[in-house]
Each structure stands twice: as structure tokens, then as C-alpha cells.
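Secondary and tertiary structure notes
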Amino acid sequence: MSPGKTLQPVLKMKVDELFLRWLSEDATQRLLHECLRAVQAPQGAPNVAVSADAAMPAPAPGGPGPPAAPAAPGPRPEPHSRRTRRPAVRRGGRGCAEVQTWPELQGTPGLSVGGIPTFYFPRGRPVGPVSKDGAIRAVETAFALLPLQRARLEDMGNVAKACGCPLYWKGPLFYRAGGRRGGSVSVHTFVAMWRRILQDCHDEEARFLHLLASPGCDFLEQEDFVPFLQDVVESHPGLAFLKEAPEFHSCYITTVVARLEEEADLSLTSGLFCYEHVYVIYCTFRELDTDCDLLLGNCDLARHRDHAISDKMIDRIFSGAVMRDRTAQRAGKMSYEDFVWFLLSEEDKTTPTSIEYWFRCMDLDGDGALSAFELEFFYEEQSRRLRSLDVEPLPFPDCLCQMLDLVRPRTQGRITLGDLKRCRLLAPIFFDTFFNVDKYLDREQHEQLALPGDGDGPELSDWDRFAAAEYRLLVAEEAAAQLWEDGLVLDGGGVGVGDGAEKRGWSTTSCGGGAPGDVSNLRGLSSYYSEESGKAGEVGPVRGVGLE
């Protein structure tokens, strides 16, 4: 592939092909004609039911129409009542849709069409009449202890506890009540806001969503998390050392938000707020970002793990198949946010989201299945790289048989996303076979090792093992680099602290237009914090941050 050219997804071409095929079918043409006649019917004429069965012939002019659907139970509504009563959609004979009203259900709470109990509660299931007076009195008592009954952000911890909320909801509570404008919140403003939330939101999830989301929105965007996480960084005891490095706050917040947005199931994710993980991701990014512009190009990303990933896969990543930052992607670059999920997906291919990531990269035509052509496309380069290492690769037909036996797809010869998710523990073997030569050889050489779960103790994910190993390596490198520069001396007991060590701290230097400093400066933070643990030269207690 010539430089500057990248593979482009052809999903639109496949969709257009399928649409034209559907549009040219006879049954589709008959259905469209029925819909057109219904639209062109004179106003005031009886409604013509459009059959969902495309094969049903249209009634002849003047002939009898299709049999009428059974009448709805209850009295037939008057014509003028259609504007005031809620209509319900009911299925008639042969798939016909009719609009009926159910006057006997009007005003009946908790029931929907046909007397079926309500089963969808977007703001939590109501547990019955809840007295808000007790909750409001607790909030007023907390405000009574404050000067002028006004709360600043640092006072909101006690207010959050009075509301029965977790401690680190204090920031969202403060900002939702308007504290950003005046720097403080009055008891009357906060009580009015909290009363509305208790009235409309019936569980913790709905209340948290309401506090963080923009007014009028029922979903969260990336920027909605920033004030919440900024308060965590500034007030959590486990992150107190970051107060000396405000330039690193945005990196921490960006990394956590990227993981929040991409994780399929947060309950299965460990170390979401862990500083150690953020530190490893950022240092890995900085080692690749040689020009310090916070963007990576093809050549930069290809250097990851000493060119372990094939060039075809690197080109596929930059084609836009998995990138979210379209501005950077159009410029042929990868942003830090996209790199966060690239690294998570590369180092742990067993998670649902990482399987989706690599499946979308390998699905060249976007038809939702991996064919033998697509697998051979990636395996060709893998074979060449194996031969360059004096390793004889399997012929592609043999490799294909092995992968089909590994995945056991439901449709012979076509591997779908669902097939890979059903065997997620084997997904790393499948993906590494086609585009990661180092991990492929490593698995081939250690295939006799015990399977996951055979050891004692809690089982760690692939990402947890990678992050722990990389963090120890980074700390060791920093300790060696700072050995003479910061006054550290080696004695019989290990690493001691010299006279200049108290000046160590972490400071970020400018790097290309005000960007954060280089990796060597950033790594000073790890050794600095290891002193805080009371044991020089060891990793400090920043293993994770709990927000309970």
C-alpha cells in the first residue's frame, strides 16, 4: 500500500446494495403501492389499514376488502374523543395495524394497554408514596450548621450525607443547585432542587444521571463527567499528591472518562479510577508521541511494542473503523482518547468491547461477518513477518481450519461478532494469529502453561497484569534515572534518600507549545509518591481509588 493511502470502510456500499435488492422485490413494490394509496386517500375518508404482510394482494376496486379486525373491548369512542383520549396501537387480522382507544383504562395508574402492568421505569421504579419531609428536614439541619445557611463546595460533604448520597456526589449536588455561579448555595435553593429530584427520580442511578446530565437530557456526554471527576482529583485522599501536579489533572480525567464511555459493563471493570493505570497509559502514549503534539500518526502507532502489530491492521485503525475523534482521524492522526481504548483493547482482548474493537477492524466490507477473504488478507502479512523471523507459518487453509475449530461459528465459513463473544477467553488467540506476531509466537511457545483460573488467589485480567508489570518497570526506570541526579545513594539496605531528595517533587516542563512534559519528568511522580509510603524505592499505595 502506498504511503498516505489507508483502507476505507465500504459499509455504505454494502448497505446500498442490500437496499436496492430489497427495493426491487415484487412484494416490496406491492407494499409501497398500498402505502401510496393510503397517503393519497381523500381527507375524511375511512382509514385504510396497511398490511404488514407484503404478499397480501391489494383489494380490487369496488370489491370486498379484507376481513375486519375484531372490535376493541368496551364502548366505541365518539369521533371527538380521539383528540382527548390516548390512542393505543393494536394488531388486527393478518398483521394489520389499527388505532383503538381504551376508555376503561383512562386514569388507571400503573397500567398500559390491555391491563398489562407497567414494566419500564426510566427514572427508577416507584416504591410507593415516599414522605419527603424527613429527607428535607435532614438537609435543613445540615445547612443550619453552616454560616448564613449557605454551603460552599468544601461544605457539601455533610450535605451529601444528609441527602443519603455517596460522599463524592457533593460536586454534582453543588453544581446542579447553581453553586458554580455564586460560589455557594443557599438552603432554600438547594431544598427546592432536592425536592424536585426526590419527586421525579426514584433510585440512585436516576438521581446520579439527573445530577450530571445537562438540563433536558436523559443521557451523559463526556464533558458531563468533568466537574465530578475534577472534584474527585482535588479532594480524594488517595490522590492528594496530584495537587502538586495540576497539569496532570486533565490527563487523569480524560483517561477515566474514556474508560467510562467505552466499558460495556462497569461492574466487571477493576481499577477504573486507579492512578497506576492512568500513569501506564499516559507514559505509553508519551513514548510514542515523539513530537509532543498529543497526536499519533501511523508511524508512531506502528512503533508500539516494537512493531508488534501488522501494518495492515495499523492502516485499518486509521481508516476510521474504530476512531471516535473524527477531527483527528481526518488529519490522519489518533488522539489521546482513541489511544486509551486502543491500548486497553490491545492488552486485553477478552472483554466484550475489545472484541468489538478488533472485529470492526477486521470486517473490511462491514457486513457483520469475517469471511475467508478477510482473514487471508491479514494473514498474508503475518506469514511474511513469521518467515522473516525464520519461523515457517502454517498454510492459510490449515490456519483457517484451526480458527474455525477454535471459534465454532454457527454459520459455516462466516465468523460473526456473536461467535467471538461466545468464546471470549479464546478471542486473543484468534486475533493475535492474524495481526500480532509477538503475541502469536509467545502463545505458541507457552501453549503448555496452565489455563486461566488454575492458580490460587484472585484472578487478574490481562490488562491488570500488563498495567502492574509496566508500572513496576516504570518505577524501576525512574529510580535508576534519579539515582545520582536527586542525591540518592545506594547502601546495604537498598535505596536511601540523600540531601537533595526533598526537592524531588514532580514538575511538568513545556514540550512543544505548552504540552505536558516528557516521560522522564512525568515518571518523577511515581518515585515521589513511593517516598510517601514510608519505604523508599517501593511503589506507594496508589493502587486504586475507591469512591464509596
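Residues numbered from 1 in each chain as written. Predicted model: local features only at pLDDT ≥ 70, side-chain atom pairs only at ≥ 80, totals over all residues. Heavy atoms only, no water.

- Per an unreviewed UniProt entry, the chain carries the name EF-hand domain-containing protein and comes from Oryctolagus cuniculus.

Description of the state of the cysteines
- Taken as a whole and assessed by the stated rule, the structure comprises 0 disulfides.
- Free of any disulfide, C283 has its nearest cysteine sulfur in C251, 8.6 Å distant.
- Between C401, a free cysteine, and C399, which holds the nearest cysteine sulfur, the sulfur-to-sulfur gap is 9.3 Å.
- On the accessibility criterion, C401 (46% relative accessible area) is partly exposed. (Disulfide = S-S within 2.5 Å. Buried < 20%, exposed > 50% of the residue type's maximum accessible area, 1.4 Å probe, protein only.)

Points about a nonpolar patch on the surface
- Together, F19, L20, W22 and L32 make up an exposed nonpolar region whose accessible area comes to about 410 Å².
- When residues in the nonpolar patch are grouped by element, the largest group, 3 residues, is from helix α1 (residues 11-23).
- Here L32 shows up in helix α2 (residues 26-40).
- Judged by its relative accessible area of 38%, L32 falls in the partly exposed class. (Patch = residues over 30% accessible without salt bridge, like charges linked within 9 Å, V, L, I, M, F, W, Y side chains within 5 Å. Areas by Shrake-Rupley, 256 points an atom, 1.4 Å probe, with all protein chains shown as cover. Salt bridge = Lys/Arg side-chain N within 4 Å of Asp/Glu carboxyl O. Helix = DSSP H or I, 4+ residues; strand = E, 2+ residues; numbered from the N terminus.)

Remarks on the nonpolar core
- Counting residues in hydrophobic clusters, the biggest one holds 108 residues, and the most contacted among them are L173, F190, W194, I317, M362, F430 and F434.
- Aside from chain neighbours lying at most four places away, what touches F430 is M362, L370, L375, M403, L406, V407, I415 and L420. (Core = buried A, V, L, I, M, F, W, Y, C linked by side-chain atoms within 4.5 Å. Contact = heavy atoms within 4.5 Å.)

Here we look at the packing of aromatic side chains
- The full count for this structure, using the stated rule, is 24 aromatic pairs.
- Ring centres of Y357 and W358 lie 4.9 Å apart, and the angle between their planes is 75°; on these two criteria the pair is classed as edge-to-face. The residues Y357 and W358 share a single accessibility class, namely buried.
- Taking 5.2 Å as the distance between ring centres and 85° as the angle between the ring planes, the aromatic pair formed by F377 and F378 counts as edge-to-face. (Phe/Tyr/Trp six-rings, centres within 6.5 Å; stacked < 30°, edge-to-face > 60°.)

Notes on the packing of helix α7 (residues 187-200) against helix α8 (residues 204-212)
- One can describe the packing of α7 onto α8 by two numbers: an axis separation of 10 Å at closest approach and a directional angle of 135°. Compared by their axis directions, α7 and α8 come out oblique. Crossing hand, α7 versus α8: right-handed. On α8, the residues that touch M193, W194, I197 and L198 of α7 are R207, H210 and L211. (Axes fitted to C-alpha atoms, helices over the stretch in contact; angles between N-to-C directions. Parallel < 35°, antiparallel > 145°, perpendicular 65-115°, else oblique. Left-handed = near helix turned anticlockwise from the far one by under 90°.)

A look at unusual backbone geometry
- Despite not being glycine, L294 has its phi angle at roughly 60°, a positive value.
- Residue L294 is classed as partly exposed on the basis of its relative accessible area of 35%.
- Positive phi, normally seen in glycine, also occurs at R408, with a value near 55°.
- Tracing the sequence through the fold places R408 in the loop between α18 (396-407) and β8 (415-416).

Remarks on the pattern of salt bridges
- Considering all chains together, one arrives at 18 salt bridges under this definition.
- The partner of R152 in a salt bridge is E154, and the shortest N-O contact between them spans 3.4 Å.
- Under the relative-accessibility criterion, R152 is labelled partly exposed at 44%.
- Since its relative accessible area comes to 58%, E154 is described here as exposed.
- Several salt bridges converge on common partners, so that one network encompasses E346, E347, K349, D432, K439 and R443.

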